[in-house]
Amino acid sequence: MSLGSTGERDLGEVLHAVSAWIDASPANRRRNAEALLWSRVGKVGEEAGEAVAALIGATGANPRKGAVGDLADVERELLDVATAALLAVDHLRTRAGQPGTAMDRLGHHIRTVAERAGRT
């Protein structure tokens, strides 16, 4: 299975549907465009904090709490970060009149990073 395909429905379409659902929620319909953008990007930061907290827990870095959770928790939180970021990209692209392209942008970005690393 390739990036962008769920086997049934293109992941870009699924991502866009979730993004549209977030924007259409009653609370978000009342927000202006800038507030919506801030909430999307802010969500990425929130999820990143949860990934760090999961890593602290999994490694026992807080001596008061000891080891809580495991690396699977860290992985789930990192995937939440990635999902929030892709939803923010979809939101940005939709605002620019280019909906449903976040997965394409991700693929392009990964290829660019690989080229910079000399791994293409």
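Bear in mind that the values here come from a model prediction, so they are computed numbers and not experimental data.

Trainee: Even after reading the chapter, I still don't get the environment of Asp23, so can you show me in this structure?
Mentor: For Asp23, the position within the fold is in helix 1 (residues 11–24). According to the relative accessible area criterion, Asp23 is partly exposed, its value standing at 22%. Sequence spacing of Asp23 and Ala33 is ten residues, and the spatial spacing of their C-alpha atoms is 9.9 Å. If we skip the residues at most four places from it in the chain, Asp23 touches Asn28, Arg29, Leu36, Arg40 and His91. Polar contacts involving the side chain of Asp23 include one to the side chain of Arg40, which spans 3.1 Å.

Trainee: Explain helix 3 (residues 33–59) to me, please; I cannot follow it from the model alone.
Mentor: Side chains that are three or four residues apart share a direction in an α-helix, a result of its 3.6 residues per turn. In a regular helix each residue adds 1.5 Å, so 27 residues correspond to 39 Å; helix 3 covers 40 Å between its end C-alpha atoms and thus fits that length. Leu36, Arg40, Glu47, Ala51, Ala54 and Gly57 are the residues of helix 3 that are buried. At the N-terminal end of helix 3, a side-chain oxygen is found 3.1 Å from the backbone nitrogen of Glu34, two or three residues along, and the residue is Asn32. Of the residues flanking the end of helix 3, it is Gly60, one or two places downstream, whose phi is positive at about 70 degrees.

Trainee: Is there a simple way to think about the nonpolar core in this case?
Mentor: Across soluble globular proteins, nonpolar side chains have a tendency to be buried as a group. Counting five residues, the largest nonpolar core is built from Leu15, Leu86, Leu87, Ala102 and Met103. Elements represented by at least two residues in this core include exactly helix 4 (71–95) and helix 5 (102–116). With sequence-adjacent residues up to four places away left out, Leu86 is seen in contact with Leu15, Ala102, Met103 and Leu106.

Trainee: Please explain the pattern of salt bridges as it appears in this structure.
Mentor: Any two side chains of opposite charge can pair, given that their charged atoms come close. A complete count under the given rule lists four salt bridges for this structure. Residues Lys43 and Glu46 are paired through a salt bridge, measuring 3.2 Å at the closest nitrogen-oxygen approach. Of this pair, Lys43 and Glu46 both sit in helix 3, separated by three residues, roughly a single helical turn. Overall, the relative accessible area of 34% leaves Lys43 in the partly exposed class. Several salt bridges share partner residues, and in doing so they unite Lys43, Glu46 and Glu47 into one network.

Trainee: Help me out: how do you make sense of the side chain of His91 in this one?
Mentor: Following the sequence through the fold, His91 ends up in helix 4. By relative accessible area, which is 4% here, His91 ends up buried. Here Asp23 takes part through its side chain, which lies 3.0 Å from a polar atom of the side chain of His91.

Basis of the calculations
- Residues numbered from 1 in each chain as written.
- Predicted model: local features only at pLDDT ≥ 70, side-chain atom pairs only at ≥ 80, totals over all residues.
- Heavy atoms only, no water.
- Helix = DSSP H or I, 4+ residues; strand = E, 2+ residues; numbered from the N terminus.
- Buried < 20%, exposed > 50% of the residue type's maximum accessible area, 1.4 Å probe, protein only.
- Contact = heavy atoms within 4.5 Å.
- Polar contact = N/O pair within 3.5 Å; in protein donor to acceptor, adjacent residues only side chain to side chain.
- Expected span 1.5 Å × (residues − 1).
- Core = buried A, V, L, I, M, F, W, Y, C linked by side-chain atoms within 4.5 Å.
- Salt bridge = Lys/Arg side-chain N within 4 Å of Asp/Glu carboxyl O.

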